[in-house]
Amino acid sequence: VLLTTALTAIAILGSFSAVTQRVRAYYMLLLALETGMLGTFMALDLVVFYVFWEAMLMPMYLLIGVWGGQERIRAAVKFFLYTMVGSVLMLVAIISLYFLHHAQTGTYTFDLAALYQTNIPLGAQFWLFSAFALAFAIKVPMFPFHTWLPLAHVEAPTAGSVLLAAVLLKMGTYGFLRFAMPLFPNAAFALTPVICALAVIGIVYGALVAMVQPDLKKLVAYSSVSHLGFCMLGMFAMNPEGWSGSILQMLNHGISTGALFLLVGVIYERRHTRLISEFGGLWKVLPAFSVVFLVVMLSSIALPGTNGFVGEFLVLLGAFKTQRLWAILAATGVILSACYMLWMFQRVVFGAVTNSANEGMKDLTPREALVFAPLLLLIFWLGIFPQPVLSRIQPSIQETIDLVNNRAVAIRTWEARSAMIDAGIQPCCPDKAEIAPGVAK
Amino acid sequence: VSPLAEVGYGPGDFGATLPVWALSIASMIILLVCMSRRRWAAPVSAGTALLGLAVAGVGAWAHRFETRALFNDMYRVDPYSTFFVLVFVAIGIVSVLLSWDYLERTNLNHGEFYALVVLSALGMIFMAAANDLIMIFLGLELMSLALYVLAGFRKNRFESNEAALKYFLLGAFATGFLLYGVALVYGATGTTNLSKIGGFLVASPVRDTPLLVIGALLLFVGFAFKVSLVPFHMWTPDAYEGAPTTATAFMSAGAKAAGFAGLLRVAMIALPELTPDWTRLLTGIAILTMTVGNVTAILQSNLKRMLAYSSIAHAGYVMLGVIAGGAGGAQAVLYYLAVYSVMNLGAFGVVSLMGKGSDERVRVQELAGAGFRYPWLGIAMTVFMLGLAGIPPTAGFMGKLLLFRSALEGGHVMLVIFAVLNSVVAVYYYLRPIVVMYMTQPEGEALEVSSALPAAVALAVLVIATFWLGTASGSLTGAAMQSVLAVFP
């Protein structure tokens, strides 16, 4: 929530000069978007969650469609339709869950805390988890549902890109942590290999595609796909290290990718192009800009000392413990990210000024400096001393992981017991049922 | 003993049937006023229509908790019919307000238009309140005949004549089906009274006599035509396109609500014993209706045709509630019909404002850039499109939520999955007007928009209602539930 409000303020600050038409409507939509985002994160009732989740689509859609670039209409419609497909199926799952809960307890409720107590049969879990996971995976986005993201990012105005990267994508990962995994733990465990595989494909594929992008914004967009693969991998490592790494990585991605989009926005405003080949030698013309760019870029490749390192390290640490193969593959993503980021940086910032149009560019204005200052501060703070944040998220992680594990066991037990009852055997005591065949603790 | 008392209608029942009296009298007065060809005839007719509808609304509201069986149990005053009376009255009032300026602009300003609207609303009320197949037939005819004339009201336009003729020929055919169905059901059960048919079937050992099944099927065809379910939807796009836009608004909302009101009562009171066997057939029709409606709507470049196909798709959604049955399903149907009427009236209302004077514009492309030049119109259109698409926090979302919930409760999971995927398809074409309004620039001449105070007021109310019924939906869902529970055991 804090990340959301902070980044909205920064995004608004960052768009003072970029948006020159229809200013009032633009800010109105930004604030509507913020309302939707806050509501989504704070909802503890599934229908309320869904309402905010959907309500958020519209402002974002208009932001992309009205203030976007060349292909804005296609980008906006694609963004909207992709997200809708996922979310309507989630709605069906939500309603089914509501009836399942009623069938067991006799009360109708959408309250999350109550639904955490429901025993859901394994077969139903699989479908319901798939429906939720599809909605969230599209939002994250995981490979192969990521194709809307580069388009939307490239076409969106800067503030839109920032919020899209920093907050909207997080709603997907948040959804996994808060809803999909605790509600359907057994299905989550069962589908772990699939999701890890997709996450790792996302990491490597995103990085490889990012490497060959000629457009700065597209490069950053694909790097997002790669980074969010790390988040997903950490989450499905199913241990505290992985989870805290994953959450930290979400935060980092919000900060560094948000900053990258802002930086691209800065030079786009001056040159009206985002092609890497158009730039070169910016260090000489824009020293302050280049320093900021350097730091943010390093944070994005997760150099020790920046925030990115802590997150990725924890994710890989967690993943090594449970998913060794995937962790090794994912580690190559770290190297690849260094490749594409450094290469891009070299082409944009170092060397001689080859394009004469770049000579007259102005460096950061005080307002822009004000935009970046808090972000840089966060990058270093989280990189050198992440403890305050980590200790904040630790207890809630432990609680949720316990919840997932306990529920998984409880539901297995419940399934086995009802299977026995169905088979005509009266389970005499809970212990008996737990050691019944097919029950693993 | 007076003849009225003989059929079970005492002086005490006058208040409860005030809607019928008010609308009948209002239509007579309008027709008398119209005999004068003075300039004031049309505004006076419109005023009379508004007054009659308002009195009808007040009368219905005052007796909203009552249940009475009148005229030998042919006409019921009960919360269910009252719910629909209020919906029809609201539809009528909004249509009159929308037409006020529109008719003058398009040189159609004859008071008879309002008489037809009022008469048609009266027919709708009979359909919702009828507890007898004959009465349903009479209501259907009264409503339809008025609508046929309304569709052809622009008598010097080719499309309008085509609309009226097509609507009339196919409609007459469908009414024939309905009447034949009534006859067969009467043959099978010995009565046309809905409650008695239901009672007969509960007591009867043989339910699947061919006579009854065919009769019920023909009844269903008659209703399916009126609410435009696939494959009985062919008339809809042409009739909606050719009719004057405000008449389209009126018939798209009113006829659909009335058709479902009648269908639901027949299904729940007279033939509940049959419905389980029908689930598969109805499921197929619902899926077909949604898919054909939505997919065809994507291809339309004419806004009125697009909305026509979308209204076909909406009939498919409503079928979810009919199939689910039970109190939950019926409640969802009532709620959805009410909010669908609000949003559809609004969408057609916006279309009716497009273009200056008698120069009507109805193509999607012509909205280009209108969103920023006419901000209020743009916002209204956006709200109605999002509402019809079922995006929260509009009423359309709550309506779909209730329908899906009732269908899932009935165990129709596949049907619901088809419905939600269909609603994604629908989003695509509902977004198009928004895209065009806000994201493109007009080629050539920009759209001009007429301004009319009554229509603006009506649209503002509809916009607020779309949000209000979506966020504070409790009052309407509660009312729908009470209406259903009072009638269906």
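As the structure is a prediction and not an experimental result, all values here were calculated from the model. (Residues numbered from 1 in each chain as written. Chains lettered and ligands numbered in written order. Predicted model: local features only at pLDDT ≥ 70, side-chain atom pairs only at ≥ 80, totals over all residues. Heavy atoms only, no water.)

Asks: Residue-level account of the overall build of chain B, with values.
Replies: Looking only at helices and strands, one finds 20 helices and two strands in chain B. In terms of overall size, chain B behaves like a compact globule, its C-alpha atoms giving a radius of gyration of 21 Å where 489 residues would be expected to give roughly 23 Å. Dimensions along the principal axes, computed over C-alpha positions, put chain B at roughly 70 × 55 × 40 Å. Counting across all 489 residues of chain B, residues that qualify as buried make up 63%. Taking all contacts inside chain B whose residues are at least 6 apart in sequence as the whole, residues at least 24 apart take part in 82%. (Helix = DSSP H or I, 4+ residues; strand = E, 2+ residues; numbered from the N terminus. Rg over C-alpha atoms; globule rule 2.2 N^0.38 Å. Buried < 20%, exposed > 50% of the residue type's maximum accessible area, 1.4 Å probe, protein only. Contact = heavy atoms within 4.5 Å.)

Asks: Describe in detail the packing of helix α13 (residues 303–324) of chain B against helix α14 (residues 326–353) of chain B, supporting the description with residues and values.
Replies: Residues and elements named next belong to chain B. The geometry of α13 relative to α14 is characterised by a closest axis approach of 8 Å and an angle of 170° between their N-to-C directions. As far as their axial angle goes, α14 and α13 are roughly antiparallel. Listed contacts from α14 to Leu303, Lys304, Leu307, Ser311, His314, Tyr317, Val318, Gly321, Val322 and Ala324 of α13 are Gly326, Gly329, Ala330, Val333, Tyr336, Leu337, Tyr340, Asn344, Ala347, Phe348 and Val351. Residues belonging to the contact of α13 with α14 are distributed by class as follows: 14 nonpolar, six polar and one charged. (Axes fitted to C-alpha atoms, helices over the stretch in contact; angles between N-to-C directions. Parallel < 35°, antiparallel > 145°, perpendicular 65-115°, else oblique. Nonpolar A, V, L, I, M, F, W, Y, C, P; charged D, E, K, R; others polar.)

Asks: Please set out a nonpolar patch on the surface residue by residue, giving values where relevant.
Replies: All names here are of chain A. Together, Leu378, Phe380, Trp381, Ile384 and Phe385 make up an exposed nonpolar region whose accessible area comes to about 510 Å². Examined against the element boundaries, leucine 378 turns out to sit in helix α18 (residues 366–384). On the accessibility criterion, leucine 378 (30% relative accessible area) is partly exposed. (Patch = residues over 30% accessible without salt bridge, like charges linked within 9 Å, V, L, I, M, F, W, Y side chains within 5 Å. Areas by Shrake-Rupley, 256 points an atom, 1.4 Å probe, with all protein chains shown as cover. Salt bridge = Lys/Arg side-chain N within 4 Å of Asp/Glu carboxyl O.)

Asks: I'd like a rundown of the nonpolar core, residues and numbers included.
Replies: In terms of nonpolar packing, the biggest core is built from 289 residues, with A:Tyr61, A:Phe129, A:Phe176, A:Phe236 and B:Phe84 touching the most fellow members. Sequence-distant contacts of A:Phe176, that is, excluding residues within four places in its chain, are made with A:Phe129, A:Ala133, A:Phe136, A:Ala137, A:Val140, A:Met181, A:Pro182, A:Ile195, A:Met232, A:Met235 and A:Phe236. (Core = buried A, V, L, I, M, F, W, Y, C linked by side-chain atoms within 4.5 Å.)

Asks: An account of the pattern of salt bridges is requested, with residue identities and associated values reported.
Replies: Residues and elements named next belong to chain B. Considering all chains together, one arrives at nine salt bridges over all chains under this definition. Across the pair arginine 68 and aspartate 13 runs a salt bridge, and its minimum N-O distance is 2.6 Å. In this pair, arginine 68 sits in strand β1 (residues 68–70) while aspartate 13 sits in the loop between α1 (3–6) and α2 (18–33), placing the two residues 55 residues apart along the sequence. With a relative accessible area of 22%, arginine 68 lands in the partly exposed category. Arginine 305 is the salt-bridge partner of glutamate 241, the closest N and O atoms lying 2.5 Å from each other. Linking glutamate 241 in helix α10 (residues 235–242) with arginine 305 in helix α13, this pair joins segments that are 64 residues apart in sequence. A relative accessible area of 24% means that glutamate 241 is categorised as partly exposed. By sharing partners, the salt bridges in this structure join Lys166, Asp238, Glu241 and Arg305 into a single network.

Asks: Hey, could you go over the packing of aromatic side chains for me, with residue numbers and the actual values?
Replies: Residues and elements named next belong to chain B. Overall, the coordinates contain 28 aromatic pairs over all chains when judged by the stated rule. Note on tyrosine 148 and tyrosine 167: the rings are 5.0 Å apart at their centroids and 85° apart in plane angle, and the pair reads as edge-to-face. With tyrosine 148 in helix α6 (residues 133–151) and tyrosine 167 in helix α7 (residues 158–189), the pair connects residues that are 19 residues apart, well separated along the chain. In this structure, tyrosine 148 and tyrosine 167 share a single accessibility class: buried. With 6.3 Å between their ring centres and 90° between their planes, phenylalanine 220 and tryptophan 278 make a pair best called edge-to-face. With phenylalanine 220 in helix α9 (residues 210–226) and tryptophan 278 in helix α12 (residues 275–298), this pair connects stretches of sequence that are 58 residues apart. The exposure class of phenylalanine 220 is buried, given its relative accessible area of 7%. Judged by its relative accessible area of 13%, tryptophan 278 is buried. Put simply, the rings of Tyr148, Tyr167, Phe168, Phe225, Trp235, Tyr240 and Phe348 touch in pairs and so form one group of aromatic residues. (Phe/Tyr/Trp six-rings, centres within 6.5 Å; stacked < 30°, edge-to-face > 60°.)

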